[in-house]
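# Residue-level structural notes
Residues per chain, in single letters:
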Amino acid sequence: MRILVTGGTGFIGQRVVEKLTARNQDIVILSRQPQPSSTGAEAKASIVAGDIRIFADMVKAVSDNKIDRVIHVAYTLTAEGEANPLLALQVNVLGASHVFETARICAVDRVVFCSSIAAYAPQSLYGERLLSEEENLMKPASIYGATKVLNEFMASRFETRYGLEIPVLRISAVYGTGRAGRGVTAWTTQMVAGAVRSQPVFIKLRAKQLSNFIYVDDVAEQLVRLTLAEKLAHRVYNSGGYPAATEDFAFIVKKYYPHFQVDFDPNANLWPYPHLVDGTRLEKEIDLKIKTPEEGLLEQINQERRLLGQEPLTKRN
C-alpha cells in the first residue's frame, strides 16, 4: 500500500511515518521544503516537494506516486492561526479541501483526517460529563477549532456526495518530545528538559489548567491503525486521553526529580478546550490502550536522558 502523509516531518507526522515504515508500508511525505534525511524513518520514505495550498501540487503528489491512502496531518496551529487568520484559512480550509478533492479525482481509497477536541465547545457548555463523538453542540472558541468543524462538515459532504471514505480523528492535547516551540503542549517538553538538566522552568499557564492529554506516540498509532484497517465502523472518533491539570504533570516530574523548580502563571488565559472526552469507541475498535500521563512523561524523560548519555529511569511507586 502506498500512503501519503501530509505534514510527515512534523511533531505527529514523523511518528506516523516511523510506525508505517516499521510495518513495511510504502510512504510518501509531502513537504514544502523537502530535505533528504540520512537517518530515521524519513530515509526510508519518498519526500516530494509540494504545498497543500496549491491544488496542482497535491494532485501531482498523489497521481505521480499512485497513492492508495492519505493521512492529512499538515495544519496551522492555534497560536499561528490567531496571529494570521488568512494563513489559517489558506492552510487549514483550502489545503484540506485540496486533499479531499484530490482524493476524489485520483480515486484514493481513504483519507484519514486529523481533527481536534478544539472543534467542541469549552467544557462549561456541556457540564461535567464525558463528550462523545455524537455531540450536537460544536461551538469552537478558536480559529483553529472553527476550521476543524468546517473540515469535518466538508469531509461528510465528500463522503455522501462522492462516496469517499474520510474517517475523522478528534485529537486531544498532544504532548511528547519534539514540541519545544509550537503547540499548546510545548510546556511539557520545556518542563522535562528543565528537570533533566536541573534548570528552573516558568510555565506560561495556570497551575490548574485542565485539558484532555494524549501522548504523541499513541496518537500516531491511532492514525496508523485507522489507515491500515480493512474496514471502519464509524466516521468520527475521539482520540481520548486523560483529564489532567498542568500541575499534575509537574507532580509527576517531581516524583523523579524532587528538587526540580517549576512555576506557573496565575494570570494566564484559560484554554477553551474540553477536558472530559470519551475515547472508548476508538479504543475498542482498534484495541489500543493509551499511556497514562506518567507513562508518557517517563518515556519523554528517558528520551531526554538519552540525549545526555544518561541511563533510563524506571517507573516508581
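Residues numbered from 1 in each chain as written. Predicted model: local features only at pLDDT ≥ 70, side-chain atom pairs only at ≥ 80, totals over all residues. Heavy atoms only, no water.

## Some details on helix α1 (residues 13-22)
Buried within α1 are the following residues: Gly13, Arg15, Val16, Val17, Leu20 and Thr21. Buried residues along α1 sit against β1 (2-6), β2 (26-31), β4 (69-72) and α7 (216-228). Just downstream of α1, asparagine 24 is the residue with a positive phi angle, here 65 degrees. (Buried < 20%, exposed > 50% of the residue type's maximum accessible area, 1.4 Å probe, protein only. Helix = DSSP H or I, 4+ residues; strand = E, 2+ residues; numbered from the N terminus. Contact = heavy atoms within 4.5 Å.)

## Considering the sheet that holds β1
Spatially, 7 strands are ordered β3-β2-β1-β4-β5-β6-β10 in an open sheet, and the strand pairing comes out parallel. Each edge of the sheet is formed by a strand with only one pairing partner; in this case those strands are β3 (46-49) and β10 (236-238). Taken pair by pair, the neighbouring strands of this sheet meet at an average axis angle of 20 degrees, ignoring direction. In this structure, β2 lies alongside β3, joined through 4 bridges in parallel fashion. In the strand pairing of β3, leucine 30 is matched with valine 48. α1 contacts β1, β2 and β4 of the sheet and is inclined by roughly 165 degrees relative to β1. Across the sheet, α7 lies against β1, β4, β5 (110-116), β6 (168-171) and β10, angled at about 150 degrees from β5, the strand it touches most. (Pairing = 2+ DSSP bridges. Axes fitted to C-alpha atoms, helices over the stretch in contact; angles between N-to-C directions.)

## Considerations on the environment of alanine 74
Structurally, alanine 74 can be placed in the loop between β4 and α3 (78-83). Looking at alanine 74, the relative accessible area reads 17%, which means it is buried. C-alpha of alanine 74 to C-alpha of arginine 225: the two residues are 151 residues apart in sequence and 19 Å apart in space. If sequence neighbours within four positions are ignored, alanine 74 has contacts with Thr6, Gly7 and Ile52.

## Some remarks on the packing of α1 against α7
For the pair α1 and α7, interaxial distance at closest approach is 9 Å and the crossing angle is 55 degrees. Regarding the angle of α1 to α7, the classification is oblique. Every pair of crossing elements has a handedness; the one defined by α1 and α7 is right-handed. Touching Arg15, Val16, Lys19 and Leu20 of α1 are Val216, Asp217, Ala220, Glu221, Leu223, Val224 and Leu228, all from α7. Residues that form the contact of α1 with α7 fall into these classes: 7 nonpolar, no polar and 4 charged. (Parallel < 35°, antiparallel > 145°, perpendicular 65-115°, else oblique. Left-handed = near helix turned anticlockwise from the far one by under 90°. Nonpolar A, V, L, I, M, F, W, Y, C, P; charged D, E, K, R; others polar.)

## Thoughts on the nonpolar core
Ranked by size, the top nonpolar core spans 94 residues in total, and within it Ile12, Val16, Met191, Leu223 and Tyr257 carry the most contacts. It is α7 that provides the largest number of residues to this core, a total of 6 residues. The residues contacting valine 16, other than those within four sequence positions of it, are Val5, Ile71, Ala220, Leu223 and Val224. (Core = buried A, V, L, I, M, F, W, Y, C linked by side-chain atoms within 4.5 Å.)

So far we have only geometry, and geometry alone does not tell us how the molecule works.
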